[in-house]
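Remarks on the overall topology
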Amino acid sequence: MPLVSVVMPVYNSAATLGPAVRSVLTQTHGDLELLVTDDQSSDESMDLLTEFARNDERVLPQRAPERGGAGKARNLAIERAKGDYIAFLDSDDMWLPEKTERQLAFAAEGSAPLTFTSYFKMDADYAGESVDFVPNGRVIQAREHVDYRAMLVRDYIGALTAMYDRNALGTRLMPEMRKRQDYALWLSIMRDGADARGLSEPLAVYRAHQAGSLSSNKLSLVQYNWQLYREHEHLSVPRAGRALAGAVWQSLRNSRI
């Protein structure tokens, strides 16, 4: 059975950390390790993690030496990973019990080194303490297949559902960027020739937080996508401009749905 390394960054997440951790520990595929990096939390997050680790040796918490953000916290966890697969879950989201088992089988069937799934989108105040039931939320449907060209226009992969095959791709860290590090990681994997396949079954729960006004979100999209295209993907100005225009159009279109 393949070992799955689950990467979880934590910062002041005491209110939601318990359900997130338990959703990993109760997976039907039990051969996993939960690598948690606490990014200098000032609440009880580290105390909770220590208690989880005391009761289950698969929980492996570590405190970051300094505050570095989610991307650096994830990389510290990835560097400690021993698994055949690297999967990601944030400390305010959850997995359904069969997520790992179903996704491993899906990856094996299609020989896909990077996979993702559909997921439920819930309000930030969603109070679920477990996912033994099927959440009654909006389903964000996974696209069946995504290549590099499509991903330049839109990030189709929910980070809480992503999993990559470490034996096929090697250990892949997130680029040192302030935001959108997960998007940059998927792009770097696809740029090297690996496409991604999506499993249509919703197997995770995402808590949606209010991130500002529609106009501010679009401005942020322009800023960070342009940086991503030019500094990370090294696209020419014309090609970056075309990708950015497509990304803005997709974002506007989705906001009307």
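Residues numbered from 1 in each chain as written. Predicted model: local features only at pLDDT ≥ 70, side-chain atom pairs only at ≥ 80, totals over all residues. Heavy atoms only, no water.

Moving on to a positive patch on the surface. A cluster of basic side chains, namely Lys 121, Arg 138, Arg 143 and Arg 154, defines a positive patch on the protein surface. Locating Lys 121 in the fold gives a position in strand E6 (residues 114-123). The class for Lys 121 is partly exposed, based on a relative accessible area of 33%. (Patch = residues over 30% accessible without salt bridge, like charges linked within 9 Å, V, L, I, M, F, W, Y side chains within 5 Å. Areas by Shrake-Rupley, 256 points an atom, 1.4 Å probe, with all protein chains shown as cover. Salt bridge = Lys/Arg side-chain N within 4 Å of Asp/Glu carboxyl O. Lys, Arg positive; Asp, Glu negative; His and termini not counted. Charge placed at Lys NZ, Arg CZ, Asp CG, Glu CD. Helix = DSSP H or I, 4+ residues; strand = E, 2+ residues; numbered from the N terminus. Buried < 20%, exposed > 50% of the residue type's maximum accessible area, 1.4 Å probe, protein only.)

The element E6 is extensively covered by neighbouring structure, given that 8 of its 10 residues are classed as buried. Bridge analysis of E6 against strand E10 (residues 196-208) gives 9 bridges, and the strand direction is parallel. When the sheet's bridge partners are listed, Phe 120 is paired in E10 with Val 205. Bridge count between E6 and strand E7 (residues 138-140): 3 bridges; the pairing is antiparallel. The residue of E7 that forms the bridge with Tyr 119 is Ile 140. (Pairing = 2+ DSSP bridges.)

Next up on the list: the packing of aromatic side chains. Going through the model one piece at a time under the given rule, you end up with 3 aromatic pairs. On the basis of an interplanar angle of 70 degrees and a centroid distance of 5.6 Å, the ring pair of Phe 88 and Trp 186 is categorised as edge-to-face. In this pair, Phe 88 sits in strand E4 (residues 85-88) while Trp 186 sits in helix H7 (residues 181-191), placing the two residues 98 residues apart along the sequence. An angle of 75 degrees between the planes, with centres 6.0 Å apart, marks the rings of Tyr 119 and Tyr 206 as edge-to-face. Of the two residues, Tyr 119 is situated in strand E6 and Tyr 206 in strand E10; the sequence distance between them amounts to 87 residues. Here Tyr 206 falls in the partly exposed class, since its relative accessible area comes to 29%. Three or more aromatic residues joined by ring pairs form one cluster here, namely Phe 88, Tyr 164 and Trp 186. The ring of Tyr 11 has Arg 67 lying over it, and the distance from NZ or CZ to the ring centre is 3.7 Å. A cation sits over an aromatic face here: Arg 143 above Tyr 156, 4.5 Å from the ring centre. (Phe/Tyr/Trp six-rings, centres within 6.5 Å; stacked < 30°, edge-to-face > 60°. Lys NZ or Arg CZ within 6 Å of the ring centre and 35° of its normal.)

Right, let's talk about the pattern of salt bridges for a bit. Per the stated rule, a full pass over the model turns up 8 salt bridges. We note a salt bridge from Glu 51 to Arg 54, for which the minimum N-O separation is 2.3 Å. With Glu 51 and Arg 54 both in helix H2 (residues 45-55), this residue pair falls 3 residues apart, about one helical turn. Note on Glu 51: relative accessible area 37%, which makes it partly exposed.

For helix H1 (residues 14-25), built from 12 residues, the straight-helix expectation of 16 Å at 1.5 Å per residue is met to within 8% by its first-to-last C-alpha distance of 17 Å. If you check which residues of H1 are buried, you get Thr 16, Leu 17, Gly 18, Pro 19, Ala 20, Val 21, Ser 23, Val 24 and Leu 25. (Expected span 1.5 Å × (residues − 1).)

Okay, the packing of H1 against H2 next. The interhelical angle for the contact between H1 and H2, taken along N-to-C directions, is 25 degrees, at an axis separation of 9 Å. Considered as vectors, H1 and H2 are oriented roughly parallel to each other. Once H1 is placed against H2, the crossing between them reads as right-handed. Contacts between H1 and H2 involve Ala 14, Leu 17, Gly 18, Val 21, Arg 22 and Leu 25 on the former and, on the latter, Ser 45, Leu 48, Leu 49 and Phe 52. Residues belonging to the contact of H1 with H2 are distributed by class as follows: 7 nonpolar, 2 polar and 1 charged. (Axes fitted to C-alpha atoms, helices over the stretch in contact; angles between N-to-C directions. Parallel < 35°, antiparallel > 145°, perpendicular 65-115°, else oblique. Left-handed = near helix turned anticlockwise from the far one by under 90°. Contact = heavy atoms within 4.5 Å. Nonpolar A, V, L, I, M, F, W, Y, C, P; charged D, E, K, R; others polar.)

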